[in-house]
Amino acid sequence: MKAENEVQLRWEHRTVRLDDIDGTHTETVIYSGIAVVYHRGGHVADEVWLPVGEEEPTVADDEVLITALRTAWRWTSPAA
């Protein structure tokens, strides 16, 4: 029996701490994005992060999202 595949989309913020070469904290940057989380049999099998900028999305941004969603859809289909 094949394990059930599911995909979850989450809007998330990721935080990156930037330090100088001597370890002194210089800045904290927060990125917004979409996490595409692949679940197999109730466990996380993979995750893809799609950053989302502050400005209007570009055609390239749209294409990346469309590709990620298509891949997720195919992964959840019984034929995958």
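Before any of the text, the structure's been laid out above.
These figures come from a predicted structure and were not determined experimentally.

### So, the pairing of strand β2 (residues 25-40)
Side-chain positions along a regular strand alternate between the two faces of the sheet.
Then comes step 1: Where strand β1 (residues 5-19) and β2 come together, 15 bridges link them in antiparallel fashion. What sits directly across from R10, in β2, is A35.
Then comes step 2: Between β1 and β2, which follow one another and run antiparallel, lie five residues, and G23 among them has a positive phi close to 90°.
Then comes step 3: Sheet analysis places β2 next to strand β3 (residues 43-52), joined by nine bridges and oriented antiparallel. Opposite V36, over in β3, you have V48 as the bridge partner.
Then comes step 4: Linking β2 back to β3 in an antiparallel pair, the connection comprises two residues, with G41 at a positive phi of about 60°.

Conventions used here
- Residues numbered from 1 in each chain as written.
- Predicted model: local features only at pLDDT ≥ 70, side-chain atom pairs only at ≥ 80, totals over all residues.
- Heavy atoms only, no water.
- Pairing = 2+ DSSP bridges.
- Helix = DSSP H or I, 4+ residues; strand = E, 2+ residues; numbered from the N terminus.

Taken by themselves, the reported measurements are silent on function.
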